Amino acid sequence: MDFSSATKQLKGKLGPRIVRTDRDSRRAASFDSSKIEFPPEAVVFPRGLPDVAAVLQLANRRRVPVTVRGRGTSLTGSAAPARGGWVLDLHHWDKIRIDAQAGLAHVQAGATVERIQSAAEKKGWFYPPDPSSMKYCTIGGNIACNAGGMHGGKYGVTRDYVLGLEVVLADGIIVRLGSRTHKNKTGFDLHRLFVGSEGLLGVVTEATLKLIPLPPFRANLAVGFDSMKNAVRALQSIFAAGFLPCAAELADEFTLVAAYKRTKSESLRGCKAHLIVELDGQINSVRSELKDLERIIRRQKPLFIQRGFGNKECEAVWQIRREFSYALRDTGLTKLNEDIVVPRGKLEQLFKFATTLQKKHGLQLACFGHAGDGNIHTNVMVDYTQPGTKKRAEKCLDELFRWVIASGGAITGEHGIGLAKKRWWPQAVSKEARGLHRTVKHALDPKGILNPGKFV
Ligand SMILES: Cc1cc2nc3c(=O)[nH]c(=O)nc-3n(C[C@H](O)[C@H](O)[C@H](O)COP(=O)(O)OP(=O)(O)OC[C@H]3O[C@@H](n4cnc5c(N)ncnc54)[C@H](O)[C@@H]3O)c2cc1C
């Protein structure tokens, strides 16, 4: 559709420095990390709340689509303006204020997660959600996608830290929801509605986040196994013995072979599964718990156990884990990164099922990820130069998602639905629940101007 007259009107109101229509600005806002691309008509860099309200009031009146953008690191096309219109870019809204006495962070939507974490840590506090993209992604994007990371099993995800939000609604009305306290039960939990809403319900401009005391010490174990079965059993026995690691990461054989080729780390050679478990807390208890953990793991006959004590040694262990993605890239294959979740009791079956899919469809699968919360990145590795690959990959994904849903899991634990998973939305969510989504959307955005073309 043509929104040029509304765009002209907006430009007249806010000025050409705020409303940009040049080719480079529009191109830069047309895609996210999924590379799905749709050009917008204009990109708006608002100076303050009145600008955001003005954009939405006009958009609502003239029925212009508005897609909010943080840093465009979404892996699902959720930040791509599927119906054109205006992109509202908030990445420059990046103020952070830590209230050390209250254990709170007051942040603007564009603040990156890494800056929030380091501002909190400087004052002895901890903001645990840690997507691997945290150097770049914004808290607004994290709230919209309910982002998570390696700490999820113990500390939860973004949702668990959002206490209050400032939101501009589709008609330009500004609301402050939730609270600036750790507890609050006044009315509905409305601010939670915007967590995970993928920009479809309102524009998050500010958030109050819960902080927790920064654990003073950490230690970890990196363990190699000759079978995934033993690795999963070691993990299960850690939980069964009453330990809650702050991270528990598993990787499969395909990933480890690629990682060995890249790092030449001798410990990975011949390894069929790899587990990293980390504990945090007070130094004496972490040291003694780690010994117990090692005893538990030894029962599953590991090939090796490597220990890390304190930040420096722990980081050396994680360095190997960080190479996994690059190692898969080195294979020359395209990685279709699916962030599925299964109940933790089904991890062993998931890895088995991945092997079945591999054989059936003649495609490699590389599985690694956050075993602590059952969120295993199941990457279908494809070579698009081979004829018929696209079709086979689609069939393989169809089967994977069918199995995940039937196993009581979820088709996405971190990245969201966006456009990439829209095809599977009707299978993943019941007719009634989809209807409820539409009712909520209609109540908050009756003209459907916010991020249209996506899953609702
Ligand atoms: C290398 C890499 C690693 C990644 N690792 C992880 C990971 O470990 N865990 C994880 O969860 N994700 C991960 N991601 C995905 C991505 O970083 C997250 O989804 C992140 O939350 C997106 O933030 P963003 O600021 O880039 O948002 P964008 O990509 O700009 O937007 C994402 C969605 O949020 C909406 N949105 C953005 N800002 C606002 C706002 N202020 N108000 C309302 N809606 C808004 C957009 O409309 C869009 O729908 C990774 C991505 C990459 C490229």
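Not measured: the values here are computed from a predicted model. (Residues numbered from 1 in each chain as written. Predicted model: local features only at pLDDT ≥ 70, side-chain atom pairs only at ≥ 80, totals over all residues. Heavy atoms only, no water.)

A. View of the overall build of the chain. Broken down by element type, the chain carries 15 helices and 18 strands. Each principal axis of the C-alpha distribution contributes one length, and for the chain these read about 70 × 60 × 40 Å. Scored against the burial criterion, the 456 residues of the chain give a buried share of 54%. If you take every contact in the chain between residues at least 6 apart in sequence, the share linking residues at least 24 apart comes to 72%. Split by element, the accessible area of the chain, about 20,600 Å² in all, is 52% carbon and sulfur. Side chains of the chain give 69 positive and 44 negative charges; the mean places of these two sets differ by 2 Å. (Helix = DSSP H or I, 4+ residues; strand = E, 2+ residues; numbered from the N terminus. Buried < 20%, exposed > 50% of the residue type's maximum accessible area, 1.4 Å probe, protein only. Contact = heavy atoms within 4.5 Å. Areas by Shrake-Rupley, 256 points an atom, 1.4 Å probe, with all protein chains shown as cover. Lys, Arg positive; Asp, Glu negative; His and termini not counted. Charge placed at Lys NZ, Arg CZ, Asp CG, Glu CD.)

B. Fine view of the side chain of His 415. Mapped onto the elements of the fold, His 415 is located in the loop between helix H13 (389-406) and helix H14 (425-428). Other than its neighbours up to four places away in sequence, His 415 contacts Leu 75, Thr 76, Cys 145, Asn 337, Asp 339 and His 377.

C. Structural context of the domain arrangement of the chain. When cut into domains, the chain gives domain 1 (4-89), domain 2 (96-213), domain 3 (215-330) and domain 4 (332-448). Measuring from the centre of the C-alpha atoms in domain 1 to the corresponding centre in domain 4 gives 29 Å. With 10 residues of domain 1 in contact, the opposing surface of domain 4 contributes eight residues. For the pair domain 1 and domain 4, the summed buried area comes to about 740 Å², and 62% of that belongs to carbon and sulfur atoms. Our enumeration of links across domain 1 and domain 4 arrives at zero salt bridges. Across the contact surface, domain 1 and domain 4 share three residue pairs in polar contact (both at pLDDT 80 or more). (Domains from an automatic or database assignment. Buried area = accessible area lost by both parts, 1.4 Å probe. Salt bridge = Lys/Arg side-chain N within 4 Å of Asp/Glu carboxyl O. Polar contact = N/O pair within 3.5 Å; in protein donor to acceptor, adjacent residues only side chain to side chain.)

D. Molecular detail of helix H3 (residues 49-62). Counted at 1.5 Å a residue, the expected span for H3 with its 14 residues is 20 Å, and the 20 Å between its end C-alpha atoms agrees. When we look at burial in H3, the residues that qualify are Leu 49, Asp 51, Val 52, Ala 53, Ala 54, Val 55, Leu 56, Leu 58, Ala 59 and Asn 60. (Expected span 1.5 Å × (residues − 1).)

E. Just helix H10 (residues 283-298), in detail. With 16 residues, H10 extends 23 Å from end C-alpha to end C-alpha; this agrees with the ideal 22 Å at 1.5 Å per step. Listed as buried for H10 are Val 286, Leu 290, Leu 293, Glu 294, Ile 296 and Ile 297. Seen from one end, H10 has its buried residues packed into an arc of 160°, which puts them on one side. Facing away from the buried surface of H10 by more than 90 degrees, the exposed residues are Asn 284, Lys 291 and Arg 295. The elements touched by buried residues of H10 are strand E12 (217-225), helix H8 (228-240), strand E14 (273-281) and strand E15 (304-309). (Arc of directions from axis to C-beta.)

F. Just the nonpolar core, in detail. If you look at the biggest cluster of nonpolar residues, it comprises 55 residues, and the most contacted ones within it are Val 277, Ile 297 and Leu 400. Each of domain 3 (215-330) and domain 4 (332-448) gives at least three residues to this core. If you look at the next biggest cluster of nonpolar residues, it comprises 29 residues, including Ala 120, Leu 165, Leu 177 and Ile 212. (Core = buried A, V, L, I, M, F, W, Y, C linked by side-chain atoms within 4.5 Å.)

G. Broad picture of the pattern of salt bridges. Within this structure, the stated rule accounts for 23 salt bridges. For Arg 307, the salt bridge identified is with Glu 294, shortest N-O distance 2.7 Å. With a gap of 13 residues between them, Arg 307 in strand E15 and Glu 294 in helix H10 connect regions that are remote in the sequence. For Arg 307, a relative accessible area of 40% puts it in the partly exposed group. For Glu 294, a relative accessible area of 12% corresponds to the buried category.

H. Region of interest: a positive patch on the surface. A contiguous patch of positive charge, built from Lys 13, Arg 61, Arg 62, Arg 63 and Lys 447, is present on the exposed surface. Considering the arrangement of structural elements, one finds Arg 62 in helix H3. (Patch = residues over 30% accessible without salt bridge, like charges linked within 9 Å, V, L, I, M, F, W, Y side chains within 5 Å.)

I. Fine view of unusual backbone geometry. Although it is not a glycine, Lys 35 sits at a positive phi angle of roughly 70°. When you line up the elements, Lys 35 lands in the loop between helix H2 (23-28) and strand E2 (42-44). Despite not being glycine, Lys 264 shows a phi value in the positive range, around 55°. The topology assignment puts Lys 264 in the loop between helix H9 (253-263) and E14. Among the residues examined, Lys 264 registers a relative accessible area of 53% and is labelled exposed.

J. Representation of the sheet that holds strand E5 (residues 96-99) in the model. Reading across from one edge, E5-E6-E10-E8-E9 is the order of the five strands in this open sheet, with antiparallel pairing throughout. Edge positions in the sheet fall to E5 and strand E9 (174-178), since each of these pairs with one other strand and no more. Along the sheet, successive strands turn relative to each other by an average axial angle of 15°, direction set aside. Sheet topology places E5 next to strand E6 (residues 104-108); four bridges connect them, and they run antiparallel. The partner of Arg 97 across the bridge, within E6, is His 106. Strands in contact with H3 are strand E8 (162-168), E9 and strand E10 (203-210); relative to E8, the strand with the most contacts, it is inclined by about 60°. Packed on one face of the sheet, helix H4 (residues 113-122) meets E5, E6 and E10 and runs near 30° to E5. (Pairing = 2+ DSSP bridges. Axes fitted to C-alpha atoms, helices over the stretch in contact; angles between N-to-C directions.)

K. Representation of the site of the ligand in the model. Taken together, 33 residues surround the ligand, and among them Val 68, Thr 73, Ser 133, Thr 138 and Gly 148 come closest. Within the contact set of the ligand, an oxygen atom lies 3.0 Å away from a backbone nitrogen or oxygen of Glu 198. For the shell around the ligand, the elements supplying multiple residues, two or more each, are strand E3 (66-69), helix H5 (139-145) and E10. At five residues, H5 tops the list of elements feeding residues into the shell around the ligand. Class assignment for the residues of the shell around the ligand results in 12 nonpolar, 17 polar and four charged. (Near = heavy atom within 4 Å. Nonpolar A, V, L, I, M, F, W, Y, C, P; charged D, E, K, R; others polar.)

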